[in-house]
Amino acid sequence: MSSEVWFTVLVLLVGVERLAELVVSKRNAAWSFERGGVETGLGHFPAMVVLHTALLVGALAEVWLLRPEPPSVLAWSMLALVVASQALRWWCIATLGPRWNTRVIVVPGLAPVAAGPYRWLSHPNYVAVVVEGVALPLVGGAWFTAIVFTLLNAALLRVRIRVENQALAGLAA
């Protein structure tokens, strides 16, 4: 099987993982709204969806159109980082439990979570996003996708983290 096919399988698996996240997110958002959750940051959410979809599509397109041949050590090390980023992401999801979703929904009266990876980092899920955004395309040698996603994601995360921090500050007040 060609490296492009293996890479496609990997990207499709990540896509299936994203769909699983959306199922969990929808359930958890309903849980939050049932408890009076307040949503903020609606303006940047569509851009986030487009950017994360473009990561998968762009990486596939670049690999199939340009047929790069990344060194094995790069491909395997980046695959290890993709797996590690998925593990971190699901650790975040498990730690937040029903409070985790892809949107910014805060339930009044609940203290911010300070367990799991949140003991050390305010936004560990975004560490997973950043690592995956670089590593996933590089598994297949998609340098352009990795660079463009990273730059656009940095701009988006500046907005997203500010929105989350403001929403969470309301919990502490």
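Refer to the preceding data block for the structure.
The sections below set out a description of the structure shown in this document. (Residues numbered from 1 in each chain as written. Predicted model: local features only at pLDDT ≥ 70, side-chain atom pairs only at ≥ 80, totals over all residues. Heavy atoms only, no water.)

## Here's the deal with the overall build of the protein chain
A tally of helices and strands in the protein chain yields 5 helices and 2 strands. Taken over the C-alpha trace, the protein chain has a radius of gyration of 17 Å; the compact-globule value for 173 residues is 16 Å, and the two agree within 12%. Its C-alpha atoms give the protein chain principal-axis dimensions of about 55 × 30 × 25 Å. Taking all 173 residues of the protein chain together, 43% fall into the buried category. Nonlocal contacts in the protein chain, meaning residues at least 24 apart in sequence, comprise 86% of its contacts between residues at least 6 apart. (Helix = DSSP H or I, 4+ residues; strand = E, 2+ residues; numbered from the N terminus. Rg over C-alpha atoms; globule rule 2.2 N^0.38 Å. Buried < 20%, exposed > 50% of the residue type's maximum accessible area, 1.4 Å probe, protein only. Contact = heavy atoms within 4.5 Å.)

## Considering the pattern of salt bridges
For the structure shown, the criterion picks out 9 salt bridges. For Glu 21, the salt bridge is made with Arg 89, and the minimal N-O distance between the two is 3.2 Å. Placement of Glu 21 in helix α1 (residues 3-34) and of Arg 89 in helix α3 (residues 72-96) is noted, with a sequence separation of 68 residues between them. Taking the relative accessible area as the measure of exposure, Arg 89 reaches 2% and is therefore buried. (Salt bridge = Lys/Arg side-chain N within 4 Å of Asp/Glu carboxyl O.)

## Comments concerning the layout of surface pockets
Reported here for the largest pocket is a volume of approximately 1100 Å³. For the lining of the largest pocket, the secondary structure elements donating two or more residues are α1, α2 (45-66), α3, β2 (104-106), α4 (124-139) and α5 (143-172). With 9 residues, the top contributor of residues to the lining of the largest pocket is α5. Of the residues belonging to the lining of the largest pocket, the class tally is 26 nonpolar, 11 polar and 7 charged. One number sums up the size of the second largest pocket: a volume of about 340 Å³. Together, 16 residues line the second largest pocket, and Ser 3, Trp 6, Phe 7, Ala 75 and Val 139 are the ones closest to its centre. Elements with a minimum of two residues in the lining of the second largest pocket: α1 and α3. Looking at the lining of the second largest pocket element by element, the count peaks at 7 residues for α1. (1 Å grid on protein atoms, 1.4 Å probe; cavity = no way out; pocket = protein on both sides within 12 Å on 5 of 7 lines; lining within 4 Å. Points joined across faces, edges and corners; volume = space filled by probe spheres on them. Nonpolar A, V, L, I, M, F, W, Y, C, P; charged D, E, K, R; others polar.)

## Focus on the packing of α1 against α2
For any two helices packed against each other, the geometry comes down to the angle between their axes and how far apart the axes lie. Contact geometry of α1 with α2 gives a least axis separation of 10 Å together with a crossing angle of 175°. For the element pair α1 / α2, the angle class is roughly antiparallel. Between α1 and α2, the residues in contact are Glu 4, Val 5, Phe 7, Thr 8, Val 11, Val 14 and Gly 15 and Leu 56, Ala 59, Leu 60, Val 63 and Trp 64, respectively. In terms of residue class, the contact of α1 with α2 is made up of 9 nonpolar, 2 polar and 1 charged. (Axes fitted to C-alpha atoms, helices over the stretch in contact; angles between N-to-C directions. Parallel < 35°, antiparallel > 145°, perpendicular 65-115°, else oblique.)

## As for the side chain of Thr 102
One can find Thr 102 in the loop between α3 and β2. If we ignore the near neighbours within four places in the chain, the residues touching Thr 102 are Leu 22, Ser 25, Phe 45, Met 48 and Arg 160.

## Some points on the nonpolar core
In terms of nonpolar packing, the biggest core is built from 17 residues, with Phe 7, Leu 10, Val 11, Met 78, Leu 136 and Val 139 touching the most fellow members. Looking at this core, the elements that each hand over two or more residues are α1, α2, α3 and α4. In contact with Val 139, other than residues within four places in its own chain, are Phe 7, Leu 10, Pro 70, Ala 75, Met 78, Leu 79 and Val 82. (Core = buried A, V, L, I, M, F, W, Y, C linked by side-chain atoms within 4.5 Å.)

## Here we look at α1
For α1, built from 32 residues, the straight-helix expectation of 46 Å at 1.5 Å per residue is met to within 8% by its first-to-last C-alpha distance of 47 Å. Gly 36 occupies a position one or two residues after α1 and carries a positive phi of about 85°. (Expected span 1.5 Å × (residues − 1).)

## Considerations on the packing of aromatic side chains
One pass over the full model with this rule turns up 1 aromatic pair. Ring geometry for Trp 91 and Trp 120: centres 6.1 Å apart, planes at 55°, overall tilted. With Trp 91 in helix α3 and Trp 120 in the loop between β2 and α4, this residue pair connects regions lying 29 residues apart in the sequence. Given a relative accessible area of 58%, Trp 120 falls into the exposed group. (Phe/Tyr/Trp six-rings, centres within 6.5 Å; stacked < 30°, edge-to-face > 60°.)

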